[in-house]
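Given next are the chains, with one letter for each unit.
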Amino acid sequence: MATLTVPASKAGAPRVLKSRAAGKLLLLALLAAVLAPWAAGHWPGATWPHALTVHLDKPLAAASDWVMDNRDSHPLFLYFFGYVSNAVIWAVRVVYLTLLAAGWAGVTAFAALLAWRVAGVRLAAGTATAFLACGALGMWVPTMQTLALMVVAVLASVAVGALLGLGAGLSDRLDRALRPVLDTMQVLPAFAYLLPVVLVFGIGVPAAVLATVVYAAPPMARLTALGLRRADPEVLEAVESLGATRRQRLLTARIPLARKELLLGLNQTIMMALSMAVIASVIGAGGLGDRVYQALASVDVGAALAAGIPIVLLAVVLDRVTAAAGDGGTRPRTVGWPYALAVTAAVALATRLLGALDWPAGGTLDIAGPVNRAVDWMTAHLYSGVPVVGGTADWAAHFTTWVLDPVRDGLQWLPWWSVLLIVAALAWLIGTWRTALTAVLAMAAIGVLGVWEPTLDTLSQVLAAVAVTLVLGFATGIAAARSDRVDRALRPVLDVFQTMPQFVYLIPVVALFGVGRAPAVAAAVVYALPAVVRITAQGLRQVDQAALESARSLGATGRQQLWQVQLPLARRSLLLAVNQGVVLVLAVVIIGGLVGGGALGYDVAFGLAQGDLATGLVAGAAIVCLGLMLDRVTQPTGRRPGKGA
Amino acid sequence: MTLTVPTRKPPTTAADPVFSVSGLWKVFGPKPERVPADPELAALSPADLRSRTGCTAAVRDVSFDVRKGEVFVVMGLSGSGKSTLVRCLTRLIEPTAGTISIDGEDVRAMDRGRLRELRRHRAAMVFQHFGLLPHRTVLDNVAYGLEIQGVGRSERRERAAEFIAKVGLEGMEKRRPGQLSGGQRQRVGLARALAVDPEVLLFDEPFSALDPLIRRDMQDEVTRLHREEGRTMVFITHDLAEALKLGDRIALMRDGRVVQLGTPEEIVGNPADDYVREFVRDVPREQVMTVGTAMRPASADELGSGPAVRPEATVAEAIEAVARSGAPARVMDEGRCLGVVDHEQLLGVVAGVDAAATGEARTAVADTDAPAAADDAPAAAAGRRTAGPAPVPGEAAPAGRGPATSPGPRTTPEAV
C-alpha cells in the first residue's frame with residue numbers, strides 16, 4: 001500500500017474526503033443499478049415517459065378563463081385586487097404627472113441637487129448630464145414613464161422589504177421561515193415572476209409594478225434582517241446596561257447601527273426594480289423597456305439603442321448615487337432639503353412660464369438612423385466572408401452547429417433517468433443529500449409538467465454559456481488577481497457592466513449576431529461574466545497572505561503559488577462564482593427567448609403575446625424548477641451573499 | 001513586571017455592603033437549573049459536567065459582598081467566569097441560582113421596570129470594547145444614558161459636557177467614536193457611565209484592549225476618580241498587576257469559583273492554594289506587602305530611634321528608609337510604635353521565605369524563636385484590617401498565636 005508511506009497527517013483529510021465522495025457515488029450507483037433497469041423497462045425511450053406526465057394546460061386555461069370572466073364581478077377582485085390595482089395606477093399616474101409638471105429642467109435640477117446632497121459634486125454633474133442625455137436622445141417621456149413606475153415600485157418594495165426584514169431581524173422564528181424563501185426567490189429568473197401576476201391583474205401597469213415589487217423586495221428584506229442581526233453585540237449590551245427599553249434599543253441603536261446594510265438594501269432594490277421595470281415592458285409596463293422591446297421585435301437596432309442608452313445611464317446614476325449615500329459618513333453638508341426643493345420649484349416655474357416644459361423639439365439627436373446604417377454596414381461586411389477570421393454571423397452559426405446542437409442533442413439523447421442520476425450525483429458531491437433531493441425533485445417536476453424537451457434545450461444553452469463564461473471569467477479573474485494594473489483597468493468596466501439591466505444586453509448581440517440561440521448565449525455570457533470575474537479575483541486576493549508568503553519563502557514559482565496555494569484556498573469563492581454564473585446565465589438565456597433563443601423563454605413570451613397563459617405558466621413553472629435545480633447542483637454548503645454585485 | 005502600588009488606603013471599615021452576592025450560579029446549556037439544585041452535579045468538574053449534562057457552569061456557587069466605597073476586583077483568566085459574574089449583577093445575564101441584593105433589595109425579584117431603574121440610576125457599566133454608538137458624536141454618546149432616562153436635550157448635553165471635561169476630552173465633543181483612539185474611546189465609555197451618576201460602577205476588563213502606556217494612564221484615571229468621588233467600583237480584569245494596583249479587595253476566580261478573596265497583600269502574601277501561588281509567583285512582593293505585615297516587635301532600645309514609616313507603607317519604601325539610615329525602621333501609627341522592620345524582615349519578604357509564603361516554612365519557623373514576628377504577620381495584617389489600631393508594641397504580636405487560629409488572610413468565599 002503506497003499510501004501508507006505518506007505521513008498520516010497529510011493523507012488523512014483528502015483520503016477521508018475521497019472515500020466519502022466515493023461512498024456517495026457507490027450508494028448512488030447501487031440505487032441506479034436497481035432502479036434504472038426497472039424504470040427503463042417500464043418506460044422505454046430517452047425522453048420523459050408520457051405516462052408520467054400531468055397535463056396542466058386544461059386546468060390552467062380554465063383558471064385563466066375563470067379569472068378573465070370574474071375579474072369584474074367576483075368579490076375577491078372587486079374588493080381586494082381591484083383596490084390594489086387602482087391604487088397602483090393612481091400612484092403611478094400621480095408621480096408621472098408630477099414629473100411632467102416639473103418639466104425636464106425641473107426634474108434634472110432636482111435629480112442633480114439630490115445627487116449633490118447625498119453624493120457630492122461630481123456625481124451631481126454626472127446625474128445632470130445623464131438626464132440631459134436622455135432628453136437629447138428623444139426619450140424624455142419614456143424615461144419619465146419608467147421613472148414613475150420605478151418610484152412607486154421602489155417605495156412599495158422598500159416598505160414591504162423593510163417590514164419583512166424588521167420582523168426577521170427581531171424574531172428568530174420568522175427569520176428561519178423567511179430565509180429559504182428569500183434565498184430561492186433570489187435565484188429565480190425575472191421572467192418567471194411575470195405570469196402569475198398577469199394571471200391575476202391582466203397585462204398592464206399594475207401587473208408590471210407588482211411583478212417589480214415581488215422581484216425587488218427580497219434584497220431589502222434580506223439586508224434589513226442582516227443589518228439588524230449583525231449589530232455589534234457589545235454595543236447592544238451597553239445600551240441595555242443603561243436601562244433602555246426595547247423600543248429605545250430598536251430606535252436608537254439597532255436601526256442606526258444597520259444604516260449601512262439598509263442603504264445597501266435600498267441600492268440593490270433600486271437596481272433590481274430598474275431591471276424588472278424594463279423587462280416588465282413585456283407585460284405592459286411602457287416606457288424605455290417597451291421601446292427596446294418593440295425595436296428588438298422588428299430588429300431595429302438603432303431604435304433599441306436609443307432607448308437602451310437612457311436605461312444604462314439611469315442604472316449607472318442610480319447605482320452610484322445610492323452607493324455613495326451608503327458609504328458616505330462624514331461628507332460636509334452641502335445643500336439642505338428645503339433649498340433643493342425651492343430651487344426645483346423655481347426652475348420648474350421658470351420653464352413653465354417660458355413654455356418650455358417639454359423637451360425642445362429641435363433638441364433631439366437622432367441616433368437611430370446612423371446606428372442602423374452602421375449595423376447595415378456591419379451586416380454587409382462583418383457578418384460573413386471576412387477573410388481568415390470569418391464573420392460574426394459565421395461564428396454564431398458555427399457555435400450553434402458545433403456546440404449548441406451537439407449539447408442539446410446529447411442531452412435529449414440521454415435516457416431521462418440518467419439525467420436525474422447525473423443531477424443527483426453532482427448535487428450530492430458538491431452539497432448535501434438535501435440539496436441533491438431538491439435538485440432531483442425539481443428536475444422530475446419538469447418532466448411531470450411535460451416540458452422535458454424544451455427544458456433540455458434551455459439547459460443546453462445554459463451549459464454552453466456557463467462553460468464559456470467560466471473559462472473567460474476564471475482567466476480574467478486570475479489575471480486581475482495577479483496584476484494590479486489589470487485590476488485597475490477592469491474595475492470601471494465591471495462596475496458599469498454589473499449595473500446594467502439584463503434586457504439591455506440583448507441589443508448589441510442582436511446587432512452583432514442577428515437572432516437565434518447563439519446571440520442569446522452571447523448575451524448571457526456578457527451578463528454573467530462581470531460577476532464571475534469579480535468573485536474569482538476577490539476570492540484569490542483574499543487568500544491568506546501568510547500562506548502565500550510562506551509558499552514564496554519556500555521558493556515557489558508564480559505558477560506553483562497559483563495552483564498549489566491560491567486556487568485551492570479560494571475553492572469556496574470559485575464554487576460561488578460557478579453558482580452565480582449559472583444563476584445569472586439562466587436569467588438571460590430565458591430572456592433570450594425574445595431574440596430567437598427558443599425553448600422555455602419563447603414559451604413564456606409566446607404565452608404572453610397570444611394570451612395563452614396556460615402554456616406560459618407551465619413554462620414559467622419549468623423555469624422555476626430549472627433555476628432551483630441549477631442552483632442546488634452548484635450550491636456549496638453554507639450561505640451565499642446577494643445576487644450579482 | 002513593574003508594579004507601582006500606591007500607598008494603601010486606610011482599611012475600609014465594615015459598612016453595609018452595596019452588592020451582596022451569595023450562592024450565585026450561572027449555568028449555560030440545556031435545563032441549567034438542575035445543576036445547582038443537585039449536589040452531585042454541582043460537585044462535578046467542568047469537563048465531567050459537560051460530558052454528563054452538556055452544560056457549562058460559568059459561575060459556580062460564588063458569594064461575596066462589595067462594601068461601600070471600595071474597589072472590588074474580580075480577577076481570573078479568560079473563561080474563568082468573571083465577565084459572566086459581573087453581568088449577573090445587573091441581570092444582563094440572568095443568573096441560574098443564588099441571591100443578589102443591592103442595598104438590601106433583591107435584584108432577582110425585580111420586575112422589568114424596577115430592573116430598568118437599577119440599570120439607569122444605580123449601576124453603570126464600562127465595557128472592554130467600549131460599546132459606543134458609532135453614529136453619534138462623543139457628546140451624544142456620553143448623554144445617551146441620560147437620554148434613555150428621558151432627560152431633556154439641553155440639560156443632558158450640559159451634564160455630558162461636564163463629564164467629558166472630567167475625563168479630559170474637552171474639545172472632542174463633536175467627534176465620532178471612529179475618529180478617536182482606543183484610550184479616548186474608553187474615556188468616552190467612562191464618561192457615559194459616570195454621567196448617569198450611578199451608585200456603583202461596573203468595569204468589564206475596560207483596559208484590556210488598550211496599549212500598555214495608555215492602560216497605565218487609564219488606571220491612574222480610575223484611581224483619581226475613585227479618590228475624588230469615592231464611588232463603589234466592581235472591576236473585572238485578567239491582569240494581576242492591574243488587580244493589585246486598583247483593588248482594595250480581590251476575588252480570584254478559576255473555573256467559575258472564587259478560589260481566594262482578600263486584600264492584594266493577603267493574596268500575594270498568603271496564597272490559598274497552589275493555583276494562586278503559581279499566579280502570584282512573579283509579583284514583586286516588596287511592592288505589595290506592607291511593613292505592617294513584615295514587622296517584628298520592637299525591643300526597648302529600638303522604640304526611640306530610627307526612621308518612621310506608616311504601617312501601610314510598602315516594604316519597598318521601608319527598604320529605602322532602612323538603607324538610607326542604616327537602622328531598623330519603626331512602624332508608627334498615630335504616634336505609637338507598632339513594631340520595627342530591619343534588614344532581616346525586609347529581605348525575607350523580598351525572598352519570599354517569610355512565614356506567610358509557604359506552609360512548610362511556617363511550621364518550620366514556628367519552632368524557632370527568632371522569626372516569630374514574621375510568623376505572626378498574618379495575624380498582624382488581619383488585625384490591621386479589622387480590629388482598628390493595633391495594641392502597644394509588646395502585644396502587637398501575641399507570642400502563642402499560631403497560624404491555625406489566625407482569622408485574617410485565609411479568607412475564603414465561605415467565610416465572607
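Residues numbered from 1 in each chain as written. Chains lettered and ligands numbered in written order. Predicted model: local features only at pLDDT ≥ 70, side-chain atom pairs only at ≥ 80, totals over all residues.

Asks: Sorry if this is basic, but what is going on with helix 23 (residues 545-553) of chain A here?
Replies: Each turn of an α-helix holds 3.6 residues, which means side chains three or four residues apart point in the same direction. Within helix 23 of chain A, only zero of the nine residues are buried, which leaves the element largely exposed. Trailing helix 23 of chain A by a residue or two, Gly555 of chain A shows a phi angle of about 90 degrees, which is positive. (Buried ≥ 20, exposed ≤ 12 C-beta atoms within 10 Å, placed from the backbone. Helix = DSSP H or I, 4+ residues; strand = E, 2+ residues; numbered from the N terminus.)

Asks: For this particular structure, what's the right way to read the interface of chain A and chain B?
Replies: Reports often express the size of an interface as the amount of accessible area lost when the parts come together. Facing the 14 residues of chain A at the interface are 16 residues of chain B. Those elements giving two or more residues to the side of chain A that touches chain B turn out to be helix 9 (233-241) and helix 10 (246-257) of chain A. Residues of the side of chain A that touches chain B, tallied by class, amount to six nonpolar, four polar and four charged. (Contact = placed C-beta atoms within 7 Å. Nonpolar A, V, L, I, M, F, W, Y, C, P; charged D, E, K, R; others polar.)

Asks: Help me out: how do you make sense of the sheet that holds strand 5 (residues 105-106) of chain B in this one?
Replies: Strand-to-strand pairing in sheets goes through backbone hydrogen bonds, with the strands running parallel or antiparallel. All names here are of chain B. Taken in spatial order, the four strands line up as 2-1-4-5 in an open sheet, and their pairing is antiparallel. A strand with exactly one partner marks an edge of an open sheet, and here the two such strands are strand 2 (56-67) and strand 5. Inspection of the sheet shows strand 1 (residues 17-28) paired to strand 2 by eight bridges, in the antiparallel sense. When the bridges of strand 2 are listed, Val27 appears paired with Ala57. (Pairing = 2+ DSSP bridges.)

Asks: Please explain the environment of Trp416 of chain A as it appears in this structure.
Replies: All names here are of chain A. Among the structural elements, Trp416 can be located in helix 17 (residues 416-430). Looking at Trp416, the number of C-beta atoms within 10 Å reads 22, which means it is buried. C-alpha of Trp416 to C-alpha of Tyr193: the two residues are 223 residues apart in sequence and 28 Å apart in space.

Asks: Is there a simple way to explain the confidence of the model for chain A in this structure?
Replies: Interpreting fine coordinate detail is not advised for predicted regions of low pLDDT. All names here are of chain A. Looking at chain A as a whole, the pLDDT averages 79, with 91% of positions reaching at least 70. Confidence over residues 1-14 falls short of pLDDT 50; this stretch has two contacts with residues more than four positions distant or in other chains. Scored below 50 in pLDDT, residues 638-645 shows 10 contacts in the model against residues more than four places distant or in partner chains. (pLDDT = per-residue confidence, 0-100.)

Asks: Mind showing me how you'd approach unusual backbone geometry here?
Replies: Apart from glycine, the bulk of residues carry a negative phi angle, and the bulk of peptide bonds sit in the trans form. Residue and element names in this part refer to chain B. Although it is not a glycine, Lys31 sits at a positive phi angle of roughly 45 degrees. When you line up the elements, Lys31 lands in the loop between strand 1 and helix 1 (34-37). Non-glycine residue Arg91 carries a positive phi angle of around 60 degrees. Here Arg91 is to be found in the loop between helix 4 (82-89) and strand 4 (97-102). According to the C-beta neighbour criterion, Arg91 is partly exposed, with 16 such atoms within 10 Å.

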